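Here is how the chains run, residue by residue.
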Amino acid sequence: MAKKKSEFDDAPKVKINKKNLKNAARILVYFKPFRKKYYLGLVFLLLTSLTALLFPMLLGRLVDSAKAAFISNINRSALFLLILFGAQAVFSFFRVYLFVYVTENTLALLRQATYTHLIKLPMNYFSQHRVGELNSRISSDITMLQDTFTTTVAEFLRQLIMIVGGIAFLAYTSFKLTLVMLAIVPVVAVLAVFFGRYIRKMSKETQDEVAASNTIVEETMQGIANVKAFANEFFEIG
């Protein structure tokens, strides 16, 4: 059975080049008023990552002290762990709060700018694009940026710090073990590339399907009188 062709299949394929990167960087204009809070959030992100790196070291000291039956060292290590957990909770709270605050306000400005631009376009544009599609682009597409700012960028930076710091701590502990761990990196990187391409393809297809379904819902509700007049409820449901 042939796969149904989506109305968005004819859309031009986006390639990563200087022009597209420049266009993508235009979003930073909406981010600029909140950049100080975002930079502060990056500081808390760094502190959260550092506390996560210290946890294995303190836990190892606790285990060593337990094996040696040094009660004073056990109490000291346990106290340090409690302090570390408390600090990590505080750092994580402010990191999430600041990132969400910046992201929500940035997207609010972006939605307002997008709506302002659309409503000023000539009638010819609206005759070529359906209302449901435009509504989906304002809501669903911009919402995707929310995950980018709050989760993707933050996790990328956090994991980068964890990798660099982890390798440094591991190299300090055992250089041979570090080499063994690094040997599997090329294999994981190759798998990540193929998996990433697959996820990107699925993400685009999902985004297009959401836009198409929103178009149907929008036009059905706007023309509900016509749907009822011709008894087309089950046709629209299908």
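Going by the structure above, here's the rest.
Residues numbered from 1 in each chain as written. Predicted model: local features only at pLDDT ≥ 70, side-chain atom pairs only at ≥ 80, totals over all residues. Heavy atoms only, no water.

Caption draft 1: Quick peek at the overall build of the protein. Regarding its fold elements, the protein presents 10 helices and 0 strands. Secondary structure elements in the protein, listed N-terminal to C-terminal, are α-α-α-α-α-α-α-α-α-α. Out of the 238 residues belonging to the protein, those deemed buried represent 20%. Pairs at least 24 apart in sequence give 78% of the contacts found in the protein among residues at least 6 apart. (Helix = DSSP H or I, 4+ residues; strand = E, 2+ residues; numbered from the N terminus. Buried < 20%, exposed > 50% of the residue type's maximum accessible area, 1.4 Å probe, protein only. Contact = heavy atoms within 4.5 Å.)

Caption draft 2: Representation of the packing of aromatic side chains within the structure. Following the criterion strictly, the structure yields 10 aromatic pairs and no others. Ring centres of Phe34 and Tyr101 lie 6.4 Å apart, and the angle between their planes is 90 degrees; on these two criteria the pair is classed as edge-to-face. Note that Phe34 is positioned in the loop between helix 2 (28-31) and helix 3 (35-68) and Tyr101 in helix 4 (residues 71-119), a separation of 67 residues in sequence. Residue class for Phe34 comes out buried when judged on its relative accessible area of 15%. Judged by centre distance (5.6 Å) and plane angle (40 degrees), the ring pair of Phe55 and Phe85 falls under tilted. Taken as a pair, Phe55 in helix 3 and Phe85 in helix 4 lie far apart in primary sequence, 30 residues in all. The exposure class of Phe85 is partly exposed, given its relative accessible area of 40%. An aromatic cluster is present here, built from Phe34, Phe44, Phe91, Phe93, Phe94, Tyr97 and Tyr101 joined pairwise through their rings. (Phe/Tyr/Trp six-rings, centres within 6.5 Å; stacked < 30°, edge-to-face > 60°.)

Caption draft 3: Summary view of unusual backbone geometry. Non-glycine residue Ala231 carries a positive phi angle of around 50 degrees. Within the secondary structure layout, Ala231 lies in the loop between helix 9 (224-229) and helix 10 (233-237).

Caption draft 4: Representation of helix 8 (residues 185-222). In this model helix 8 runs 54 Å from its N-terminal to its C-terminal C-alpha over 38 residues, within 8% of the 56 Å that 1.5 Å per residue would give. Among the residues of helix 8, those classed as buried are Asp208, Ala211, Ala212, Thr215 and Thr220. (Expected span 1.5 Å × (residues − 1).)

Caption draft 5: A look at the pattern of salt bridges. Scanning the model with the defined rule gives 2 salt bridges in all. Two residues, Lys204 and Asp208, come together in a salt bridge whose shortest N-O distance is 3.0 Å. Taken together, the residues span about one helical turn, with Lys204 and Asp208 both in helix 8 at a distance of 4 residues. A residue is classified by how much of its surface remains accessible, and Lys204, at 35% relative accessible area, is partly exposed. The partner of Lys228 in a salt bridge is Glu233, and the shortest N-O contact between them spans 3.6 Å. (Salt bridge = Lys/Arg side-chain N within 4 Å of Asp/Glu carboxyl O.)

Caption draft 6: Expanded view of the nonpolar core. Core analysis: the largest hydrophobic core is formed by 7 residues, namely Phe31, Phe34, Tyr38, Leu45, Phe99, Val102 and Ala154. Of all elements in the fold, only helix 3 and helix 4 reach the threshold of two or more residues within this core. For Phe31, the contacting residues outside a window of four places in its chain are Tyr38, Val102 and Thr106. The next biggest cluster of nonpolar side chains, apart from the first, holds 5 residues, and it includes Ile27, Leu107, Ile142 and Phe149. (Core = buried A, V, L, I, M, F, W, Y, C linked by side-chain atoms within 4.5 Å.)

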